[in-house]
Amino acid sequence: MTLGFRLVDGAMGTELIKRGLVLGTPSSLWNLQRPEDIQSVHRSYHEAGSQAITTNTFGANQMQLALHGMESQLDEINIAAIANVKSAALGATILGDIGPTGEMLEPYGDLEPDDLKKAVYRQGKVLAEGGVSAFLVETFSDPEELCITIDTLLAFGLPILATFAFEQAGSEVRTAWGTTPEDAALRAVGAGATATGANCGTELSLSAYASLARQMRSVIPDAPLVLQPNAGSPQLGPDGMSYSRDAEEFASWAREVLTLGEMILGGCCGTTPLHIRQMSQTLAQESNS
Amino acid sequence: MDTQLLTSAIVAGNRKDAKALTEQALAEGLPPQEVLDSLIAGMDEIGGKFQRNEAFVPEMLIAARAMKEAMAVLEPVLLAAGIKPEFTAVIGTVQGDLHDIGKNLVAMMWRGANFSVVDLGTNVPPEKFVEAAREHQADLVGLSALLTTTMPSMKATIEALRSAELPKAKVMIGGAPITPEFAKEIGADGFAADAASAVTVARELVAG
């Protein structure tokens, strides 16, 4: 399936911290309280070339909101998040962002599969009815949790992009659950994801990202791969954390991974509209050549 | 009873067996210290596998849960026998960060290594670390962060601990984005890359 976009957006969280988000407060609340800041992030990515924009709803599920006593505002927050994309990025494809609930499934934690399904359905329904074009289900470590999430979202009949967070495990790359890129991709696509891939991933180099994409491609020859790396590992400076991997590096990395078939590129922690702009130029050059 | 069974139940993360075997071992009159050592050996073994990338977070989590069940049986017996942890540790995830998997694993590994552990939870402000370290006369304070964005909270917490003058309390930090360089830069006494090495580092730090 062709999704009609190749470039999504970059980081939301680190952009909001620049705009004054206090650590420990839920960023999804800013959809209601600071809509102009959320919109400015969306707008900056859209202007930089992002064809699809992700709603600021990563933590807007009932478990995460309950940690802040905001569970009753779930509908309101998710609806406002969609409105923020619509008003800031006219014409962009809207991706409804869904993250892990933060609780772990039995036997690792106390979460029962039925309770996970209910939570995913509740957020998914608000996003689907609000008009998102697809779901972006991201930053998962436990493949079972991701598969239950995908399976639940299939009820809404929208494409699902599903990505894992990988980390370096010795010479290999695995999720925290020990899942290899090959297994991860097979599980996600097997559960019904339209596209699969990776996002975030502390300490992962761009070359590790390229090699995990190759591993996924070796078992998933057709589905688009979604890749959203961090802008490197953060350094502590006088003004807080800064990220070292610059936009130029992203551009040359994009050239490399575009040789691996259909790709959907974007960024995670620390990436900025500049990273997106550089990749947008790379994509334009590829299309022209 | 073969104490290796206790160790194996922890390594396999078998909660039911870990509890039943601990009860059985005590009923058979095995010294509680020997039961404890066998359980700790299990945590050490799974921790070693984790360090060598032969086991991952899920295996650690179920082992920790099995350890918890066994300790619930064993702890009153240890207390009655006057066997108390030699050292006290305070642990928490720093302000702004709500992640607790790594912190919980380290807490469990420390308990397994016979530290008395006070777990402050997540999103813990610096002053709460200071308060708890003072109240419990902590030998060790452990700070965890998963988010790169919350690493500055570690720095603030260490500054607060230093200015509170708690000479006994050694500070160690850990979490996915943490590097030894960062630990050094913000003045931590120790750094651990994972829950298993957190035990080794903790033992070294409290030994002075």
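A few points on the structure. (Residues numbered from 1 in each chain as written. Chains lettered and ligands numbered in written order. Predicted model: local features only at pLDDT ≥ 70, side-chain atom pairs only at ≥ 80, totals over all residues. Heavy atoms only, no water.)

1. Considering the sheet that holds strand 7 (residues 195-200) of chain A
Residues and elements named next belong to chain A.
In step 1: The seven strands lie next to each other as 1-2-3-4-7-8-11, forming an open sheet whose pairing is parallel. Both outer strands of the open sheet, strand 1 (52-54) and strand 11 (263-265), are each paired with one neighbouring strand and no more. Strand-to-strand, the axes of this sheet are offset by a mean angle of 25°, without reference to chain direction.
In step 2: Inspection of the sheet shows strand 1 paired to strand 2 (residues 93-98) by three bridges, in the parallel sense. Of the residues in strand 2, the one forming a bridge with T54 is L95. (Pairing = 2+ DSSP bridges. Helix = DSSP H or I, 4+ residues; strand = E, 2+ residues; numbered from the N terminus. Axes fitted to C-alpha atoms, helices over the stretch in contact; angles between N-to-C directions.)

2. Digging into unusual backbone geometry
Excluding glycine, residues mostly have negative phi values, and the peptide bonds linking residues are mostly trans.
In step 1: Omega for the peptide link from E106 of chain A to P107 of chain A comes to 0°, which places this bond in the cis form.
In step 2: Positive phi values are uncommon outside glycine, yet Q137 of chain B reaches one of about 50°.
In step 3: Mapped onto the elements, Q137 of chain B comes out in the loop between helix 6 (126-135) and strand 3 (140-144).
In step 4: Phi is positive for E165 of chain B, close to 50°, though the residue is something other than glycine.

3. Side note on helix 8 (residues 181-191) of chain A
Residue and element names in this part refer to chain A.
In step 1: Three or more residues of helix 8 are buried, namely P181, A184, A185, A188 and A191. Along helix 8, the residues classed as buried sweep out an arc of 140° about the axis, all on the same side.
In step 2: Among the structural elements, helix 7 (143-153), strand 4 (160-164), strand 5 (166-169), strand 6 (172-175), strand 7 and helix 9 (206-219) are those in contact with the buried residues of helix 8.
In step 3: In the segment just after helix 8, G192 is the residue with positive phi, at about 120°. (Buried < 20%, exposed > 50% of the residue type's maximum accessible area, 1.4 Å probe, protein only. Arc of directions from axis to C-beta. Contact = heavy atoms within 4.5 Å.)

4. With respect to the interface of chain B and chain A
In step 1: Across the boundary between the two partners, chain B contributes 25 residues, which contact 25 residues of chain A.
In step 2: Around 2,000 Å² of area is buried between chain B and chain A when both sides are counted, 68% of it from carbon and sulfur atoms.
In step 3: It is F56, R65 and T149 of chain B that lose the most area in chain B upon contact with chain A, and together they represent 24% of the buried surface on that side.
In step 4: Seen at the junction of chain B and chain A, the total is three salt bridges.
In step 5: Notably, a salt bridge pairs R15 of chain B with E106 of chain A, separated by 3.5 Å at the nearest N-O pair.
In step 6: At the junction of chain B with chain A, the criterion picks out five residue pairs in polar contact (both at pLDDT 80 or more).
In step 7: Listed by contribution, the elements that provide at least two residues to the side of chain B that touches chain A are helix 4 (57-80), helix 7 (151-163) and helix 8 (180-185) of chain B. (Buried area = accessible area lost by both parts, 1.4 Å probe. Salt bridge = Lys/Arg side-chain N within 4 Å of Asp/Glu carboxyl O. Polar contact = N/O pair within 3.5 Å; in protein donor to acceptor, adjacent residues only side chain to side chain.)

5. A few points about the packing of helix 6 of chain B against helix 7 of chain B
All names here are of chain B.
In step 1: Contact geometry for helix 6 and helix 7: axes closest at 8 Å, N-to-C directions at 40°. One finds that helix 6 runs oblique with respect to helix 7. Crossing of helix 6 against helix 7: the hand is right-handed. Here P126, F129, V130 and A133 of helix 6 lie close against helix 7, whose contacting residues are A156, T157, A160 and L161.
In step 2: Looking at the contact of helix 6 with helix 7, its residues break down into seven nonpolar, one polar and no charged. (Parallel < 35°, antiparallel > 145°, perpendicular 65-115°, else oblique. Left-handed = near helix turned anticlockwise from the far one by under 90°. Nonpolar A, V, L, I, M, F, W, Y, C, P; charged D, E, K, R; others polar.)

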